[in-house]
Amino acid sequence: RKEVEQDPGPFNVPEGATVAFNCTYSNSASQSFFWYRQDCRKEPKLLMSVYSSGNEDGRFTAQLNRASQYISLLIRDSKLSDSATYLCVVKGSGGGADGLTFGKGTHLIIQP
Amino acid sequence: DAGVIQSPRHEVTEMGQEVTLRCKPISGHNSLFWYRQTMMRGLELLIYFNNNVPIDDSGMPEDRFSAKMPNASFSTLKIQPSEPRDSAVYFCASSSGGIQPQHFGDGTRLSIL
């Protein structure tokens, strides 16, 4: 089983719709979780951290389910500018800065 | 605030040549990471440093790859000799460690002919 798995998509979604995607991870001792966004030919940028209780940032909501070992990202009222690849990132149980694993990303296309 | 700075942005060279990629982390960050990204393999961690010391280089493909961090504000990734299969986008990232997220540079798009 891959350490971090994501559906590569692409997800084709009309503007204004709600879209959600999940990411599963294999290491039950993982401590920290993030969603990054990567635009075409650009660097990954932190979208949001994912907290145990779930968290919201504007139109974006992130959830963590430790029992089932997955995290999710929900985008409401999608905009054309949301089109990008969304990377799920999981940090292991090691101390310091180690154990960071990236998924291969889910490609999202918002259509007018 | 200045982010992570990488150079060059693009590099095209012939196989067999030495390639040196450079990175300046965000001031105050004590962890630095080198990644490689390809369509087939996604984003792969090559090596990371903590307080200028290499901690884990298990992702470095082979002996042709080497990385150094002589001080807190500079790191290099060197490929010698380069091969066409090394063509990829190479990212440098830094963080303040622990559970803090990483901040990426713009990347170096490397093409080995």
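Residues numbered from 1 in each chain as written. Chains lettered and ligands numbered in written order. Predicted model: local features only at pLDDT ≥ 70, side-chain atom pairs only at ≥ 80, totals over all residues. Heavy atoms only, no water.

Enquirer: Whenever I open this one, the nonpolar core confuses me. Can you help?
Expert: A general trend in soluble globular proteins is that nonpolar side chains are found buried together. The biggest cluster of nonpolar side chains holds 22 residues, and the ones touching the most others in it are Phe21(A), Trp35(A), Ile71(A), Leu73(A), Ile75(A), Tyr86(A) and Leu108(A). Elements with a contribution of two residues or more to this core: β3 (19-25), β4 (32-38), β5 (44-50), β7 (60-65), β8 (70-75), β9 (84-91) and β11 (106-111) of chain A. The next biggest cluster of nonpolar side chains, apart from the first, holds 21 residues, and it includes Cys23(B), Ile26(B), Ile47(B) and Phe65(B). (Core = buried A, V, L, I, M, F, W, Y, C linked by side-chain atoms within 4.5 Å. Buried < 20%, exposed > 50% of the residue type's maximum accessible area, 1.4 Å probe, protein only. Helix = DSSP H or I, 4+ residues; strand = E, 2+ residues; numbered from the N terminus.)

Enquirer: Can you help me understand the pairing of strand β5 (residues 42-50) of chain B in this one?
Expert: Moving residue by residue along a regular strand, the side chains alternate between the two faces of the sheet. All names here are of chain B. In terms of burial, β5 is a largely internal element, seven of the nine residues being buried. Pairing geometry for strand β4 (residues 31-38) and β5, over eight bridges, is antiparallel. Bridging from a neighbouring strand, Ser 31 pairs with Asn 50 of β5. Between β4 and β5, which pair antiparallel and follow one another directly, the connecting turn spans three residues. With three bridges connecting them, β5 and strand β6 (residues 53-56) associate as antiparallel partners. In the sheet register, Tyr 48 faces β6, and the bridge partner there is Asp 56. Count of turn residues in the β5/β6 antiparallel hairpin: two residues, of which Asn 51 carries a positive phi of about 50°. (Pairing = 2+ DSSP bridges.)

Enquirer: Please clarify how the pattern of salt bridges should be interpreted in this entry.
Expert: Should their charged atoms come close, side chains of opposite charge can pair. Scanning the model with the defined rule gives 14 salt bridges over all chains in all. Of the charged contacts, one joins Arg59(A) and Asp82(A) as a salt bridge, the two residues approaching to 2.8 Å between their closest N and O atoms. Of the two residues, Arg59(A) is situated in the loop between β6 (55-57) and β7 and Asp82(A) in the loop between β8 and β9; the sequence distance between them amounts to 23 residues. Its relative accessible area of 2% is what places Asp82(A) among the buried residues. When salt bridges with common partners are traced through the structure, they connect Glu62(B), Arg64(B), Glu83(B), Arg85(B) and Asp86(B) into a single cluster. (Salt bridge = Lys/Arg side-chain N within 4 Å of Asp/Glu carboxyl O.)

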